[in-house]
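Chain and residue survey
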Amino acid sequence: MKKLLIFGLAAAFVLPAWALDNNIKMPVNLDRLAARATESVDVTLDASMLELASKFLSQDDPDQAHVKKLVSKLKGVYVRSFEFDKEGQYSMSDVESLRRQLKAPEWSRIVGVRSLKGENSEVYLQKNGSKIGGLFVIAAEPKELTIVHIDGPIDPEELSQLGGHMGIPKIGVKHESAKSAGKDQE
Amino acid sequence: MTEFEQQLAQALERREPPAGFTSRVLAAASQQPTRSRWQAWRWAFVLRAAPVMAALLVVAGGALYQNYERIERGEAAKQQLLLAVKIAGAKLYDARQRVVSIGEIRGAGTEEEQ
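Keep in mind it's a predicted model, so treat the numbers as computed, not measured. (Residues numbered from 1 in each chain as written. Chains lettered and ligands numbered in written order. Predicted model: local features only at pLDDT ≥ 70, side-chain atom pairs only at ≥ 80, totals over all residues.)

1. With respect to the overall build of chain A
- The number of helices and strands found in chain A is seven helices and six strands.
- Ordered by position from the N terminus, the helices and strands of chain A form the series α-α-β-α-α-β-α-β-β-β-β-α-α.
- Buried positions account for 29% of the 186 residues belonging to chain A.
- Here the contacts in chain A between residues at least 6 apart in sequence split such that 60% fall between residues at least 24 apart. (Helix = DSSP H or I, 4+ residues; strand = E, 2+ residues; numbered from the N terminus. Buried ≥ 20, exposed ≤ 12 C-beta atoms within 10 Å, placed from the backbone. Contact = placed C-beta atoms within 7 Å.)

2. Looking at the overall build of chain B
- Scanning chain B for helices and strands turns up three helices and zero strands.
- Counting helices and strands in the order they occur from the N terminus, chain B gives α-α-α.
- Taken over 114 residues, chain B has a buried fraction of 14%.

3. So, the environment of Gly134 of chain A
Residues and elements named next belong to chain A.
- In this fold, Gly134 is placed in strand S5 (residues 131-141).
- Its 25 C-beta neighbours within 10 Å are what place Gly134 among the buried residues.
- Along the backbone, Gly134 and Asp155 are 21 residues apart, and their C-alpha atoms lie at a distance of 8.9 Å.

4. Describing the confidence of the model for chain B
All names here are of chain B.
- Predicted confidence across chain B gives a mean pLDDT of 85, with 89% of residues reaching 70 or more.
- Here helix H3 (residues 37-113) stands out as the element of chain B with the lowest mean pLDDT, 85, in contrast to helix H1 (residues 3-11), whose mean of 89 is the highest.
- For this predicted complex, the interface confidence comes out at an ipTM of 0.72, alongside a pTM of 0.66. (pLDDT = per-residue confidence, 0-100.)

5. Side note on the sheet that holds strand S1 (residues 39-46) of chain A
Residue and element names in this part refer to chain A.
- If you trace the six strands from one edge of the open sheet to the other, you get S1-S2-S6-S5-S4-S3, paired in antiparallel fashion. Among the strands making up the open sheet, the edge pair consists of S1 and strand S3 (107-113). When strand polarity is set aside, the average angle formed by the axes of neighbouring strands in this sheet is 10°.
- Note that S5 and strand S6 (residues 144-151) share eight bridges and pair antiparallel. Its bridge partner lying in S6, Phe136 is registered against His149. (Pairing = 2+ DSSP bridges. Axes fitted to C-alpha atoms, helices over the stretch in contact; angles between N-to-C directions.)

6. What about the interface of chain B and chain A?
- Contact residues are listed per partner, giving 27 residues for chain B and 40 residues for chain A.
- Partitioned by chemical class, the residues of the side of chain B that touches chain A number 15 nonpolar, four polar and eight charged. (Nonpolar A, V, L, I, M, F, W, Y, C, P; charged D, E, K, R; others polar.)

7. Remarks on the nonpolar core
- Membership of the largest hydrophobic core comes to 40 residues, with the highest contact counts inside it found for Leu45, Val77 and Val137 of chain A together with Leu81, Ala84 and Ala88 of chain B.
- Tallying contributions element by element places H3 of chain B first for this core, with 10 residues.
- Ignoring any residue separated from it by four or fewer positions in sequence, one finds Ala88 of chain B in contact with Val79, Val137, Val148, Ile150 and Leu159 of chain A. (Core = buried A, V, L, I, M, F, W, Y, C linked by C-beta atoms within 7 Å.)

8. Side note on the pairing of S5 of chain A
Residues and elements named next belong to chain A.
- The pairing of strand S4 (residues 120-128) with S5 spans nine bridges and is antiparallel. Looking across to S5, one finds that Ser121 is bridged to Ala139.
- Where S4 hands over to S5, the hairpin turn is made up of two residues, of which Gly129 adopts a positive phi near 70°.
- What sits between the antiparallel neighbours S5 and S6 is a turn of two residues.

9. Brief notes about the confidence of the model for chain A
Residue and element names in this part refer to chain A.
- Across chain A, pLDDT averages 75, with 71% of residues at or above 70.
- Residue range residues 11-21 is modelled with pLDDT below 50. Its contacts to residues more than four positions away, or to other chains, number seven contacts.
- pLDDT under 50 marks residues 171-186. Its contacts with residues more than four places away, or in other chains, come to 26 contacts.

10. Details of the pairing of S3 of chain A
Residues and elements named next belong to chain A.
- As paired strands, S3 and S4 are joined by six bridges and run antiparallel to one another. Bridge assignment links Val111 to a residue of S4, and that residue is Val123.
- Counting the residues that bridge the hairpin from S3 to S4 gives six residues, and of these Gly118 lies at a positive phi of roughly 85°.

11. Let's talk about the environment of Glu158 of chain A
- In this structure, Glu158 of chain A sits in helix H6 (residues 156-160).
- With 12 C-beta atoms counted inside 10 Å, the residue Glu158 of chain A sits in the exposed group.

Structure follows, in structure tokens:
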């Protein structure tokens, strides 16, 4: 009985930590990479912070109005990005624990590109019935590692429509390319 | 005794006050204006209102500071959100461009085979 009580208490403390970020736990070793990085970005916005941020987005600015619409239904936005001055500052094992969490049937990888130059991109979508429940991007380059987790219903197409705004290059391909991006190519 | 000393002694010589001096002083003192009822009430009001006003000032100051903090947090969250969306959009753009370029390379390959 005593053991059960201790287990229950431990679970009560440990489970909320695991439940963070919609069951996706950012590995601790990612934070250690920040020490080696020349530049690092750490954005953690939960639902309440998104709501607050959204109130400060201007409706008059088309970019901000677009972002406001985009994030209106989101539950969280998490970004970790590291830029290094030389190669080999991180290994793919650093993100392996993340990959292990992005498993079917909940998650499906819609894009997986690996190049000989070491530029790898992976895009995962979280299924929520017939809708998209979240988006996960792992972009690994020799001197850069970026992880993006958007928790909540989002259309990646809508996000990529920001191309040409906010410093994101405009996508110069036809709309059909989005469909081709749906195929897993390695 | 010199002339100067004589003058000094004369100047410091004890003299009795003129007749009726005491009664005149007492009469003048009794005629000093006393605080009116209105003034007394005003002072009492000020003394009682001062702590209330001070408390109101503290509360108003606190509310203003809280609002200022909320604006600061909101602006910071907005900047973080814009940065996150920018990074996410750019990385999705990169992934898509890579897929497109692979498609183009493969397409060119099959055209050459044909």
